[in-house]
Amino acid sequence: MEVLTPRTLDEALRLKAERPDAVPIQGGTDVMVELNFDRARPAALLNLNEVGELRGWSRENGSFLLGAGLTYSEAMETQLAEALPALAEASRTVGGPQIRNRGTVGGNLGTASPAGDALPPLLIGDAEIELASVRGERKVPLTEFLTGPKRNALADDELIVAARVRAAAGPQTFMKVGPRNAMVISVVSLALTVDRERDEVRAAFGSAGPVAGLVTTPLTELDGFAERIAAAARPIDDVRGSAAYRRRALSVLTARAVERCLQ
Amino acid sequence: MTTTARRLELGRVGESVKRIDAIPKVTGEFAYSSDLFAAGMLWGHTLRSPHAHALIAEIDISEAVGMTGVHAVLTHADVPGAKTYGLEFPDQPVLAFDRARYFGEPVAIVAAEHPEQARRASEQIKVAYQPLEPVVEPEHATEREPIHEGRPTAGHGFRDDDRPNVVRTIVIRHGDPDAQAEVSVSGVYELGIQDQAFLGPESGLAIPDAEGGVDVYVATQWLHIDRDQVAPCLGLEPEQVRIHLAGVGGAFGGREDLSIQIHAAMLALHTDRPVKMVYNREESFVGHIHRHPAKIWMEHRANRDGKLVNVRAKILLDGGAYASSSAAVTANASAFACGPYAVENALVECTCVYTNNPPCGAMRGFGAVQSCFAHEAQMDKLASELGIDPVELRLRNALAPGDSLPTGQRITGSFPAAEVIRRAAALPVPEPEELPRDPLRLPGGSGNTTRGEGVKRGVGFAVGFKNVCYSEGFDDSTAARVRLTGSGDGLAAEVHCAAAEVGQGVVNVILQTARTELDLDDVVLGSATTSSVGSAGSASASRMTWMAAGAVQLAARAARDELARRGGRLGPGEEIEVERVYHHRPTTPLDPETGQVSGDGAHVAYICAAMRVVAEVDVELGLTRVVWIGTAQDVGKAVNPQAVYGQIEGGTAQGLGLALMEEIQTRDGLITNASFTDYLIPTTLDMPPVDAELVEEPEPDAPYGVKGVGEPPTVVSTAAVVSALRDATGRELTRVPVRPDEIVGLD
């Protein structure tokens with residue numbers, strides 16, 4: 001297996017264009033599991049850890065630009081946690097400290113698992129995903145970027161550069177249900193915000209359908225919102241939980257999250 | 001005269017001693033079996049059946065043998081000696097021939113220069129399978145075609161149950177099994193498949209000795225029984241196979257059966273090169289046996305005063321594809337089915353069946369875990385029916401020395417059941433914590449799911465017991481060798497014992513015993529190997545402390561006596577070397593018809609524990625936080641108290657795992673969660689602090705009065721945790737692990 005290690009984004013894009021079969025790797029918390037369990041043997045890895053442009057975050061016109069290489073630990077630091085509290089709370093639920101130091105928001109987007117913990121918080125933040133290739137750049141709303149379980153809109157020659165997210169315009173929270181109290185893949189999760197600028201409630205669920213899903217409602221029409229969320233989900237029975245439980249839990253989480261954010 | 005405090009490492013029996021392997025294990029310097037290396041070694045890989053049940057028409061290795069780096073591709077045809085092996089019955093093929101009986105059964109093995117080459121070569125082995133309908137429902141296994149030809153476990157003095165696929169049936173009739181009483185409660189209980197989930201995967205290194213023999217370095221629980229299974233399959237004499245203990249990364253019963261031993265030795269002898277094998281995590285989940293899943297029907301009849309009159313139990317265990325230690329697990333599940341309570345009348349029927357599910361065998365608690373979950377749920381139910389406090393009900397029925405078990409065995413040694421109940425019940429239960437609090441201190445933990453909404457608190461109690469040492473006539477003796485040499489002005493000693501250090505701390509027990517008996521600091525422990533000392537028996541059945549201390553005590557006293565004969569001194573170059581074998585008191589089989597003891601009795605001694613659990617349950621989401629655990633355990637005598645507390649905490653965590661989350665899931669016999677992503681074990685946020693009380697009532701037959709400590713916490717904690725969950729939720733919760741669905745009422 002070849003490991004390609006570009007130093008700049010331009011170089012990374014050139015390599016990705018030459019080697020569309022190269023699997024991008026950042027923290028490796030998903031990719032290495034696939035390799036170790038012998039589920040994938042890619043011809044090449046594109047190691048993005050040396051690409052400075054993907055690191056960190058910046059502020060642009062009230063939005064936050066989160067580099068694809070932003071780690072969960074970084075998302076939990078005070079400045080970001082104050083602006084994007086649901087993402088910080090979600091990051092807190094990811095693995096243990098070692099995993100949070102390695103795992104990245106870009107990796108969560110690349111894997112596009114319905115259980116990706118960062119996805120519901122990004123959805124309630126109206127996230128747009130910035131993609132780049134040697135052909136140019138494009139922005140795709142997260143709702144369109146996620147196309148199916150572990151499928152996304154990324155072309156073979158493209159890389160995820162960043163996620164552009166609106167800062168919280170009101171209280172937010174994130175909740176994740178798992179059968180143990182830490183280090184667990186979500187059985188079902190929910191991010192919710194009361195958006196005071198738009199006078200609406202935005203909620204997004206994870207692990208309750210083929211992709212993480214977003215449901216919004218005007219603040220004046222909150223009655224029955226928990227049931228609407230549960231109805232919008234399309235959960236399945238799997239080793240982690242039953243569809244019936246996921247629906248029930250989603251409804252409980254939504255009611256609690258609304259109460260938490262309206263207090 | 002001055003006295004100086006002895007260094008912590010040099011402690012005698014009864015002192016808390018720092019484990020000699022503690023620092024290397026914590027710093028990562030300890031060499032586990034997966035760290036072994038030999039110059040020029042090859043890597044072995046196992047090809048496994050993707051089917052739970054299939055006939056094997058043909059195995060074509062022609063492509064695989066020619067691949068780059070490949071040195072050997074072996075199948076059943078290459079097994080030099082016996083084609084099958086097993087702990088109790090040789091029903092398990094070294095490599096599958098004719099038929100694969102479980103998902104992951106080894107079919108072929110490959111040795112190559114690089115593990116990846118071995119893996120790729122194994123993919124090119126063409127096995128012509130003809131899939132068969134797997135037998136996956138234990139309740140119907142006896143109505144299906146036999147999975148094994150013949151009846152591998154028949155004719156061993158067991159009850160004659162000639163239905164297909166029966167591993168063993170035990171029926172215990174005690175008193176009048178039809179006796180009636182004033183009240184009756186009944187229930188049906190189920191347990192899923194628990195895995196030992198040790199962190200160190202199966203691994204080892206086999207090195208040919210250039211004289212036709214082989215040395216195998218492996219993580220195991222009983223070196224000599226490995227040798228006695230490996231040698232016949234290799235067609236070698238026992239002395240030609242030397243098994244050496246490599247660093248064990250956890251065992252819990254899962255290393256009693258063989259894993260890589262024969263395979264690595266075959267590859268090494270075939271290639272005349274050292275061969276290393278290491279399972280990956282997924283392979284480990286299919287590469288060892290599990291705890292038997294069970295379905296238990298139980299009825300308790302009692303009088304209004306709470307006195308038990310009759311217990312009727314039917315227990316069904318799923319043994320999976322091969323016998324392993326199922327016959328002994330069946331005996332334990334039935335012998336302890338009524339709990340540590342005096343019952344005049346009982347009818348216990350226990351059957352273990354063969355299926356095409358994952359093979360099951362030994363795991364910490366060994367049959368008693370399953371029964372305890374059922375009998376303790378029944379005791380709570382009875383307490384509620386009678387309006388008697390659950391602790392008081394247990395005290396009124398607690399077994400005591402002089403009482404008999406339903407097998408008719410009289411309890412002759414120490415058995416402080418009432419004392420452990422009183423001591424555990426007396427531990428102060430912590431007050432509920434105030435709200436608001438950090439979500440980490442609420443059900444759901446880091447998932448941030450509640451600020452207190454839906455949370456109810458419950459308190460549970462349970463008592464459990466089991467036996468120490470092997471039973472039913474098995475003489476699991478332990479040998480130890482002590483060598484005394486002159487050293488300067490004084491003496492030095494070296495101790496050899498093949499007891500497997502599996503993390504439980506037996507190395508310290510051996511050293512503490514030797515230092516105590518020899519009254520000497522300068523004692524070293526040789527490595528555990530079949531080549532230098534007789535069998536130690538298994539690090540199982542909570543027996544290793546008792547048996548190792550017994551053997552080392554015998555050998556050390558013999559060496560001391562010899563020293564006295566020589567005037568109490570050894571000159572330079574002089575030495576004394578003695579080996580002694582310690583036997584526990586003999587046991588005898590159960591009568592196959594009545595399940596009653598014959599002769600001396602089926603068991604050597606008993607150990608019990610009581611536990612109180614406080615849990616908070618989010619009843620709307622079905623999530624749990626166990627807040628506090630208090631326990632009192634009958635330990636006989638704590639040789640190394642610090643290690644005893646460690647065993648109690650670890651054993652409790654393992655039982656808590658079964659109560660709340662640990663389950664191997666299968667679909668048509670295939671394991672669907674063979675990873676630590678989906679087979680969950682408790683984290684530090686799931687496991688509360690444990691207040692443990694040691695009840696030291698010496699066992700009259702045992703060295704220093706010791707008993708065993710590894711299993712009782714696991715036996716009792718599953719039952720105790722679920723008892724707390726029932727108290728919090730008001731639901732029956734008859735199956736473990738308890739699923740959130742059941743707590744919120746979806747099932």
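Remember, predicted model here, so these are calculated numbers, not experimental data.

### Some thoughts on the overall build of chain A
Scanning chain A for helices and strands turns up eleven helices and 14 strands. Taking 18 Å as the expected radius of gyration for a compact globule of 263 residues, we find that chain A reaches 18 Å, a close match to that expectation. Overall, the C-alpha framework of chain A stretches about 55 × 45 × 30 Å when taken along its three principal axes. Per-residue burial over chain A gives 57% buried out of 263 residues. Of note, chain A has its 31 positive side-chain charges centred 5 Å away from the centre of its 34 negative side-chain charges.

### Details of the sheet that holds strand S19 (residues 478–487) of chain B
Residue and element names in this part refer to chain B. Pairing in this open sheet of four strands is mixed, and the strands run S21-S20-S19-S22 from one edge to the other. Lying at the two open borders of the sheet, with one neighbouring strand each, are strand S21 (523–525) and strand S22 (575–582). Averaged over neighbouring strand pairs, the angle between their axes works out to 20° when direction is ignored. Across the face of the sheet, helix H11 (residues 506–518) comes into contact with S19, strand S20 (490–497) and S21 while running at roughly 150° to S21. Packed onto the sheet, helix H12 (residues 544–565) meets S19, S20 and S22 and runs at close to 145° relative to S22.

### Points about the interface of chain B and chain A
Every contact between the two is made by 42 residues of chain B and, on the other side, 32 residues of chain A. A combined buried area of about 3000 Å² lies between chain B and chain A, and 49% of that area is made up of carbon and sulfur atoms. Counting every contact that joins chain B to chain A gives five salt bridges. The partner of Asp618 of chain B in a salt bridge is Arg256 of chain A, and the shortest N-O contact between them spans 2.6 Å. Taken together, chain B and chain A are joined by 20 residue pairs in polar contact (both at pLDDT 80 or more). If you list the elements that add at least two residues to the side of chain B that touches chain A, you get helix H3 (115–123), helix H6 (281–287), strand S24 (623–634) and helix H15 (740–744) of chain B. Grouping the constituent residues of the side of chain B that touches chain A by class yields 14 nonpolar, 15 polar and 13 charged.

### So, the domain arrangement of chain B
All names here are of chain B. When cut into domains, chain B gives domain 1 (8–30 + 477–582) and domain 2 (33–132 + 201–248 + 255–287). On the side of domain 2, 15 residues touch domain 1, which itself brings 18 residues to the contact. Carbon and sulfur atoms make up 57% of the surface buried where domain 1 meets domain 2, a total of about 1300 Å² over both sides. Counting every contact that joins domain 1 to domain 2 gives zero salt bridges. The interface formed by domain 1 and domain 2 contains nine residue pairs in polar contact (both at pLDDT 80 or more).

### Some thoughts on the packing of aromatic side chains
Residues and elements named next belong to chain B. For the coordinates displayed, the defined rule picks out 15 aromatic pairs over all chains. Aromatic pair Tyr102 and Tyr322: ring centres 6.0 Å apart, planes at 80°, arrangement edge-to-face. Of this pair, Tyr102 sits in the loop between strand S6 (99–100) and strand S7 (106–112) while Tyr322 sits in the loop between strand S16 (308–320) and helix H7 (326–335), placing them 220 residues apart in sequence. Taking relative accessible area as the criterion, Tyr102 reaches 6% and is therefore assigned buried. Classification of Tyr322 as buried rests on a relative accessible area of 1%.

Basis of the calculations
Residues numbered from 1 in each chain as written. Chains lettered and ligands numbered in written order. Predicted model: local features only at pLDDT ≥ 70, side-chain atom pairs only at ≥ 80, totals over all residues. Heavy atoms only, no water. Helix = DSSP H or I, 4+ residues; strand = E, 2+ residues; numbered from the N terminus. Rg over C-alpha atoms; globule rule 2.2 N^0.38 Å. Buried < 20%, exposed > 50% of the residue type's maximum accessible area, 1.4 Å probe, protein only. Lys, Arg positive; Asp, Glu negative; His and termini not counted. Charge placed at Lys NZ, Arg CZ, Asp CG, Glu CD. Pairing = 2+ DSSP bridges. Axes fitted to C-alpha atoms, helices over the stretch in contact; angles between N-to-C directions. Contact = heavy atoms within 4.5 Å. Buried area = accessible area lost by both parts, 1.4 Å probe. Salt bridge = Lys/Arg side-chain N within 4 Å of Asp/Glu carboxyl O. Polar contact = N/O pair within 3.5 Å; in protein donor to acceptor, adjacent residues only side chain to side chain. Nonpolar A, V, L, I, M, F, W, Y, C, P; charged D, E, K, R; others polar. Domains from an automatic or database assignment. Phe/Tyr/Trp six-rings, centres within 6.5 Å; stacked < 30°, edge-to-face > 60°.

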